[in-house]
Amino acid sequence: MPSAARTDTNRWLVLAIVCLAQFMVILDATIVNIALPSIQRGLSFSDANLQWVINSYTLVFGGFLLLGGRAADLLGRKRLFVAGVVVFSLASLLNGLAQSSGMLIAGRALQGLGGALVSPAALSIIMTTFPGTQERTKALGVWSAIAAGGAAFGLLLGGVLTDLLSWQWIFFVNVPVGLAAIAAAVRFVPESRDESARRSFDVAGAFSVTAGLMVLVYAIVKAQEYGWASARTLGLIGGAVVLLAAFVVIELRSKAPLVRLDIFRKRALTAANIAMMFVAAGMFSMFFFASLYVQDVLGYSPLKAGFAFLPVTSGIIIGAAAAQGLIKRFGPRAVGTAGVLLATAGMLVLTGLPVHGSYVTNLLVGLFPMSLGMGLTFVPVTLLATAGVPPEDSGLASGLLNTSQQVGGALGLAVLSTLSASRTTSLLADGASRPEALVGGWHVAFIGGAILLGSAALSLIVLLRRRHLADVDVDAAVPVAA
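Criteria and cut-off values
- Each chain has its residues counted from 1, following the order in which its sequence is written.
- In keeping with the model being predicted, local features are shown solely for residues with a pLDDT of at least 70 and side-chain atom pairs are shown and tallied solely at 80 or more, while totals for entire chains, interfaces and linings include all residues.
- Working from all heavy atoms in the structure, the side-chain values ignore hydrogens and water.
- Helix numbering and strand numbering both begin at the N terminus, where a helix is a DSSP run of H or I of at least 4 residues and a strand a DSSP run of E of at least 2.
- Each residue is assigned to one of three classes by its accessible area relative to the maximum for its type, calculated with a 1.4 Å probe on protein chains only: buried under 20%, partly exposed between the two thresholds, exposed over 50%.
- With residues, only the protein chains shown are counted as cover, and all accessible areas are computed by Shrake-Rupley using a 1.4 Å probe.
- What makes a nonpolar core is a set of buried Ala, Val, Leu, Ile, Met, Phe, Trp, Tyr and Cys residues whose side-chain atoms join them at distances within 4.5 Å.
- Two N or O atoms form a polar contact when they lie within 3.5 Å of each other; inside protein one atom must be a possible hydrogen donor and the other a possible acceptor, and for residues adjacent in sequence the pair counts only when both atoms belong to side chains.
- A contact between two residues is defined here by any heavy atoms of the two lying within 4.5 Å.
- In the sections that follow, a salt bridge refers to a side-chain nitrogen of Lys or Arg positioned within 4 Å of a carboxyl oxygen of Asp or Glu.
- Stacked, tilted and edge-to-face pairs are distinguished by plane angle, under 30 degrees for stacked and over 60 for edge-to-face with tilted covering the rest, among Phe, Tyr and Trp rings (Trp via its six-membered ring) whose centres lie within 6.5 Å.
- Put simply, a charge is over a ring when the Lys NZ or the Arg CZ is close to the ring centre, within 6 Å, and near the line of the ring normal, within 35 degrees.
- Surface patches are defined over residues having more than 30% relative accessible area and no salt bridge, joining like charges when they lie within 9 Å and nonpolar side chains (Val, Leu, Ile, Met, Phe, Trp, Tyr) when within 5 Å.
- Looking at any residue, its pLDDT shows the predictor's confidence there, from 0 to 100.
- Axis definition: a line fit to C-alpha positions, over the contact stretch in the case of helices; interaxial angles, taken between N-to-C directions, run 0 to 180 degrees.
- Two helices that cross are described as forming a left-handed crossing if the nearer one is turned anticlockwise from the farther one by less than a right angle, and a right-handed crossing if clockwise.
- Residues are grouped as follows: nonpolar covers Ala, Val, Leu, Ile, Met, Phe, Trp, Tyr, Cys and Pro; charged covers Asp, Glu, Lys and Arg; every other residue, Gly included, is treated as polar.
- Note on angle classes: values under 35 degrees are labelled roughly parallel, values over 145 roughly antiparallel, values of 65 to 115 roughly perpendicular, and the remainder oblique.
- By this rule the span expected of a helix is its residue count minus one, scaled by 1.5 Å.
- In this analysis the local bend is the angle between axes fitted, respectively, to the seven residues ending at and the seven residues starting at the residue.

Draft legend 1. Fine view of the overall build of the chain. Helix and strand content of the chain: 16 helices and zero strands. Within the chain, the fraction of its 482 residues that count as buried is 54%. Counting only carbon and sulfur atoms, one obtains 66% of the accessible surface of the chain, whose full area is about 19,300 Å².

Draft legend 2. Here's a closer look at the nonpolar core. Counting 74 residues, the largest nonpolar core has Met 286, Tyr 293, Phe 309 and Trp 442 as the members making the most contacts within it. Counting residues in each nonpolar core, the second largest holds 32 residues, with Ile 17, Phe 81, Val 85 and Ile 182 among its members.

Draft legend 3. Broad picture of the side chain of Arg 108. Relative to the elements of secondary structure, Arg 108 occurs in helix H4 (residues 101-129). Among the polar contacts made by the side chain of Arg 108, one reaches the main-chain carbonyl oxygen of Val 53 at a distance of 2.7 Å. In contact with Arg 108, other than residues within four places in its own chain, are Asp 28, Val 32, Val 53, Ile 54, Ser 56, Tyr 57, Asn 95 and Phe 171.

Draft legend 4. Region of the structure containing the pattern of salt bridges. All told, the structure shown has one salt bridge when counted by the stated rule. Across the pair Asp 296 and Arg 41 runs a salt bridge, and its minimum N-O distance is 3.7 Å. With Asp 296 in helix H10 (residues 267-297) and Arg 41 in helix H1 (residues 2-43), this pair connects stretches of sequence that are 255 residues apart. With a relative accessible area of 30%, Asp 296 lands in the partly exposed category.

Draft legend 5. Structural detail: the packing of aromatic side chains. Enumeration according to the criterion identifies nine aromatic pairs in this entry. Seen in terms of ring centroids, Tyr 293 and Trp 442 are 6.3 Å apart; in terms of plane orientation they differ by 80 degrees. Their pairing is edge-to-face. A residue pair is termed long-range when its members are at least 10 positions apart, and Tyr 293 in helix H10 and Trp 442 in helix H16 (residues 434-463) qualify at 149 residues. We note that Tyr 293, like Trp 442, is buried. Measuring from centroid to centroid gives 6.4 Å for Tyr 300 and Tyr 359, while their planes differ by 45 degrees, and the two rings are tilted. A residue pair is termed long-range when its members are at least 10 positions apart, and Tyr 300 in the loop between H10 and helix H11 (302-308) and Tyr 359 in helix H14 (residues 359-386) qualify at 59 residues. For the pair formed by Tyr 300 and Tyr 359, the shared burial category is buried. Aromatic rings pair up to connect Phe 288, Phe 289 and Phe 446 into one cluster. For Lys 304, the ring lying beneath its charged end belongs to Tyr 300, and the centroid distance is 4.3 Å.

Draft legend 6. Local environment of a nonpolar patch on the surface. Together, Leu 90, Leu 93, Leu 94, Leu 97 and Met 103 make up a nonpolar patch on the protein surface, roughly 390 Å² of accessible area in all. Among the elements that line the nonpolar patch, the one with the most residues is helix H3 (residues 77-96), at three residues. Here Leu 94 shows up in helix H3. In this structure Leu 94 comes out as partly exposed when scored by relative accessible area, which is 34%.

Draft legend 7. Inspection of the confidence of the model for the chain at higher detail. On average, the chain scores 82 in pLDDT, and the residues at 70 or more come to 88%. Least confident of the elements in the chain is helix H5 (residues 133-164), whose mean pLDDT is 72; most confident is H3, at 92. Low pLDDT, under 50, characterises residues 1-7; the stretch is placed with zero contacts to residues that sit more than four places away or in other chains.

Draft legend 8. Spatial organisation of the environment of Leu 15. As for its position among the elements, Leu 15 is in helix H1. Considering only alpha carbons, one finds Leu 15 and Ile 125, 110 residues apart in sequence, at a separation of 8.3 Å. Setting aside chain neighbours within four positions, we find Leu 15 in contact with Ile 126, Phe 130, Ala 139 and Val 142.

Draft legend 9. Just the packing of helix H2 (residues 52-75) against H4, in detail. As a packed pair, H2 and H4 sit with axes 6 Å apart at the nearest point and diverge in direction by 35 degrees. Note on packing geometry: the crossing formed by H2 with H4 is right-handed. By residue class, the composition of the contact of H2 with H4 is 17 nonpolar, eight polar and two charged.

Draft legend 10. Quick peek at the packing of helix H8 (residues 203-226) against helix H9 (residues 231-253). Contact geometry of H8 with H9 gives a least axis separation of 8 Å together with a crossing angle of 165 degrees. Taken together, the axis directions place H8 and H9 in an arrangement best described as roughly antiparallel. Where H8 crosses over H9, the two elements pack in a sense that is left-handed. Taken together, the residues of the contact of H8 with H9 sort by class into 17 nonpolar, four polar and two charged.

Draft legend 11. Local environment of H10. Here H10 contains 31 residues, and its C-alpha end-to-end distance of 44 Å stays within 8% of the 45 Å for a straight helix at 1.5 Å per residue. Most of H10 sits out of view: 26 of its 31 residues are buried. Positive phi appears at Gly 299, one or two residues downstream of H10, with a value of about 80 degrees.

Draft legend 12. Main features of unusual backbone geometry. Located in the positive-phi region is Ser 44, a residue other than glycine, with phi close to 60 degrees. Mapping Ser 44 onto the fold places it in the loop between H1 and H2.

Draft legend 13. Quick look at the environment of Ala 48. On the secondary structure map, Ala 48 appears in the loop between H1 and H2. Separated by 372 residues in the primary sequence, Ala 48 and Ser 420 have C-alpha atoms spaced 8.2 Å apart. With sequence-adjacent residues up to four places away left out, Ala 48 is seen in contact with Val 221, Gln 224 and Ala 421.

Draft legend 14. Local environment of helix H12 (residues 310-330). Its 21 residues give H12 an end-to-end C-alpha distance of 29 Å, which sits within 8% of 30 Å, the value for a rise of 1.5 Å per residue. Taking the largest bend as the criterion, H12 deviates by roughly 35 degrees, centred on Gln 324. All of the buried residues in H12 are Val 312, Thr 313, Gly 315, Gly 319, Ala 323 and Ile 327. Just downstream of H12, Gly 331 is the residue with a positive phi angle, here 95 degrees.

Draft legend 15. Structural detail: the side chain of Gln 406. Tracing the sequence through the fold places Gln 406 in helix H15 (residues 394-429). When its relative accessible area of 9% is taken as the criterion, Gln 406 is described as buried. In this structure Gln 406 touches Thr 58, Phe 61, Gly 62 and Phe 284, once residues within four positions along its chain are discounted.

Structure below.
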């Protein structure tokens, strides 16, 4: 009996350790958004290039996420988890010491690699540590709460650190957390691996898809400077297409592919991943541009900006809590579609933001319905992406959804940042003041974001029929995507 009690305690201790590291990774997603204006001023980022602070992280994270999960299964989940935390913590230290925009972008990419090792290894450790359905559901509930709590706390902590110290401290704060997670993991987390899996890695697949996406984003960002029809832009786009085509060929020929392409024959999974890409593209842009608006135009301090976005986190939590019951009554397609349409309506409100605006009457009236819609969307889309998938493919299905989120967000932000910067430059040339030009550029970005969100709703409506939902268990517990 004492032995069983000790084992049970150790299981929950393992959960606490991996959730601590995941909290650090989730925290980083929102803490950086609040500090963007300070980072832009400190390292002299242009309006067009500022998005690389976000995209260099998300592209590497998304590109190596599936490889990280496979490496954890083969080399050892504890080993990859510790390695990921080491890389993430070291990159955070380098980011805090960055003296140029290029150094910060490189450090953010290294952080993305660390996150791509930590997140799948941490989730895999939870799944193997809690084999029982009831305990696993409780553990996944804690995991979901950590995801939501990390996002909310990141908004406040980013404001506090940037206000009271400097933007560098949003990165330095990861170092002691990472060191604590490493020490605890080495001492208490047991090692495990999948002994039956084929011992091979699709490194070529991970590098080709990540390189292709990065070249594509670079081409989009530079299109404003080079011209959309210039030889350099077309050459970069052509290079990206070649790299992405190479990825498909590699996956078709690999004995152990990063992504087994026949999984996309499941219509619900395909529709959910397409929808998630569009949703993330709109959501990333909303956080990015709204954060710039409240600080650069409304004049909010970073701390006040952090508080301004707390209703967004609350709305997502409320929407996600309501979604489970609504899915049982109306089905995942209807709830997901309604959620995206509500978010689209909120985004359309933001297209009318004035230069001399008010937080409550101009910004919050768009942000809150958008956040409710996002909460209503995440649960059914996650359910559609993972329901009816064989147990041996559950990790791949979950990883694909997270990858779709990261890649969609990066591509959407690249396109909308470029369009926004182009509009701002045009307005400045016509004699507009800088605040007027910035807001005019952000209007274009919010219009684009609304179109992207509307495309997510359209994909759910067009691609899904009743027969495609036959395998969806509406009673399944759905963890928040990491």
